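Coordinate inspection notes
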Amino acid sequence: MMGSNSTADVAVVGLGRVGLPLALTFADRGLSVVGIDNDPVRLGAVRDGTMPFEETGAQPLLDRVHASNRLTLSERVADAAQARHIVITLGTPSFSHIEIDMRDIRSALDDLLGVLEPGHSLILRSTVAPGTTEFVAGYLAKHRGFEIGEEIFVAHAPERIAAGRFLEEIDTLPCIVGGVGARSGEVVGELFGCFEAPIVQTTPVQAELAKIWTNILRYATFALPNLLMIDCERYAANVFEVIDLINRDYPRGGIAQPGFTAGTCLRKDFTFSEERSAAPGMLLAVSRVNESVPLFLLEGAKRRLGSLANRKVAVLGLAFKADTDDERDSLAHKLIRLLERELADVAVHDPRVATPTVSFEEALDGADVVVVAANHSEFRDPRALATIAERAAGDCLVVDPWNCWGGAQVFAYASELVVLAPTPPRG
Ligand SMILES: NC(=O)c1ccc[n+]([C@@H]2O[C@H](COP(=O)([O-])OP(=O)(O)OC[C@H]3O[C@@H](n4cnc5c(N)ncnc54)[C@H](O)[C@@H]3O)[C@@H](O)[C@H]2O)c1
């Protein structure tokens, strides 16, 4: 059944890190796509054929889609009704007081309310709190009297692809579809059938829980080695050696490595469960552990060097994780704020993000402390360690929770690590 005025196959509302690669991939698979975003700068970039952010393989994809003319762009959410399927990929933040922030979804729904017709399907691709898909269906039924699952189709089809892996995973990660009413799952499954990944049908709330808890699992998984790192410092133990003792040849081991654990998804998705948790506090504790890592590193540097006031601290990496240009909700920013409160002279270098930073050499020159905040592959290169040893102060403290160069110390002096660096070529 087509919406009577459908002139496109699918509309994607919100051309962000999730929506844009999805819209481009739909178009690349032969669908006619309406891409909608209220940010004119973003729309302008896409219109000009420039990816507004890094996503592996996305620029050639955008080039192909441009040439195909299968993507039209609009600033108006209501234009989504030109398509039979409407996929919502808007941001779903939470308020700081553990309450989900539905404003973007509500505003899109209100824009769509008057223009939806029988035959349309509305798909929540954004991460949403349990019950949101049923809320959306109820909202459409309440205000327009639609029978959901018969006249209009509503489903949650959560995005579980990691940034940077979109094109690799869209055809392989099982696509969860939780449809409301009799036929929503089937109709939405047909849309996502243009990809090769298996479609797994379930209920809306199970789809919501599966997505949220996929991320909670990762968030909690990384909190454990982070807490262990903090504990090890108290006992003058080496976290990397303890992790090796736990995991080595032990069939039930598998503790992860420490590091900065945040980013726009992990930092807020746990609140979607925490908001109504039967065990309030457990996930808050997980969050507090991960959120305390920047302060732990700063305090560790102070324990070794004394006051950081007027001392140069080089922060390497602003992104929330390795090899991305996404710095939203990155703990590097928190670390920098904390360092500034110590009156340290902070110099930042990140080769990937949009925020301007100084060069690698400039950040390192005469640094008393170097903190690896994001373990980009550029920093993991042993030649980066050689440059640190060469440029930073001789007794410079290197703070590396990632163990980038195999030195296996969170806090080490450059003079200790330099043996791991390759000898610079002469001449
Ligand atoms: N980034 C990820 O790796 C990732 C992975 C899985 C799931 N998710 C989830 O996917 C959703 C989207 O995340 P994202 O990172 O792509 O967000 P984003 O902020 O990058 O993208 C949202 C886009 O929507 C646009 N927008 C905001 N309000 C709008 C409105 N009223 N009308 C039209 N456009 C509007 C913004 O300009 C932006 O381009 C979130 O729920 C997120 O939790 C994200």
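Quick notes on the rules
Residues numbered from 1 in each chain as written. Predicted model: local features only at pLDDT ≥ 70, side-chain atom pairs only at ≥ 80, totals over all residues. Heavy atoms only, no water. Near = heavy atom within 4 Å. Polar contact = N/O pair within 3.5 Å; in protein donor to acceptor, adjacent residues only side chain to side chain. Areas by Shrake-Rupley, 256 points an atom, 1.4 Å probe, with all protein chains shown as cover. Nonpolar A, V, L, I, M, F, W, Y, C, P; charged D, E, K, R; others polar. Buried < 20%, exposed > 50% of the residue type's maximum accessible area, 1.4 Å probe, protein only. Helix = DSSP H or I, 4+ residues; strand = E, 2+ residues; numbered from the N terminus. Salt bridge = Lys/Arg side-chain N within 4 Å of Asp/Glu carboxyl O. Pairing = 2+ DSSP bridges. Axes fitted to C-alpha atoms, helices over the stretch in contact; angles between N-to-C directions. Contact = heavy atoms within 4.5 Å.

**Some details on the site of the ligand**
By nearness alone, 24 residues border the ligand, and Val18, Asp37, Thr92, Lys268 and Arg328 come closest of all. In this structure, Thr92 approaches the ligand through a side-chain N or O atom, which is 2.5 Å from an oxygen atom. With respect to the ligand, the side chain of Lys268 contributes an N or O atom lying 2.6 Å from an oxygen atom. Out of a free accessible area of 830 Å², the ligand has 86% covered by protein chains. Taken together, the residues of the shell around the ligand break down into 6 nonpolar, 9 polar and 9 charged.

**Considerations on helix α1 (residues 19-28)**
Across the 10 residues that make up α1, a large majority, 9, are buried. Regarding α1, the residues found buried are Gly19, Leu20, Pro21, Leu22, Ala23, Leu24, Thr25, Phe26 and Ala27. Gly30 sits one or two residues past α1 and shows a positive phi near 100°.

**What about the pattern of salt bridges?**
Oppositely charged side chains can form a pair if their charged atoms are brought close together. Counted according to the given criterion, the structure contains 26 salt bridges. One salt bridge in this structure joins Glu169 and Arg165, with 3.9 Å as the shortest N-O distance. Overall, Glu169 belongs to the buried group, its relative accessible area being 14%. The shortest N-O distance in the salt bridge between Asp323 and Arg352 comes to 3.5 Å. Remark: Arg352 occurs in the loop between β12 (345-349) and α14 (360-364) and Asp323 occurs in the loop between β11 (312-316) and α13 (331-341); sequence separation between them is 29 residues. The class for Asp323 is partly exposed, based on a relative accessible area of 30%. Via salt bridges that share partners, Glu54, Asp323, Arg352, Glu378 and Arg380 belong to a single interconnected network.

**Notes on the sheet that holds strand β1 (residues 8-13)**
Here we have 8 strands laid out as an open sheet, ordered β3-β2-β1-β4-β7-β8-β9-β10, and mixed in their pairing. Unpaired on one side and paired on the other, β3 (71-74) and β10 (199-202) mark the two borders of the sheet. The sheet shows a mean angle of 25° between the axes of neighbouring strands, taken without regard to direction. Examined bridge by bridge, β1 and strand β2 (residues 33-36) share 4 bridges and lie parallel to one another. When the bridges of β2 are listed, Val12 appears paired with Gly35. Across the sheet, helix α8 (residues 204-234) touches β8 (153-156), β9 (175-179) and β10, and the angle it forms with β9 is around 145°.

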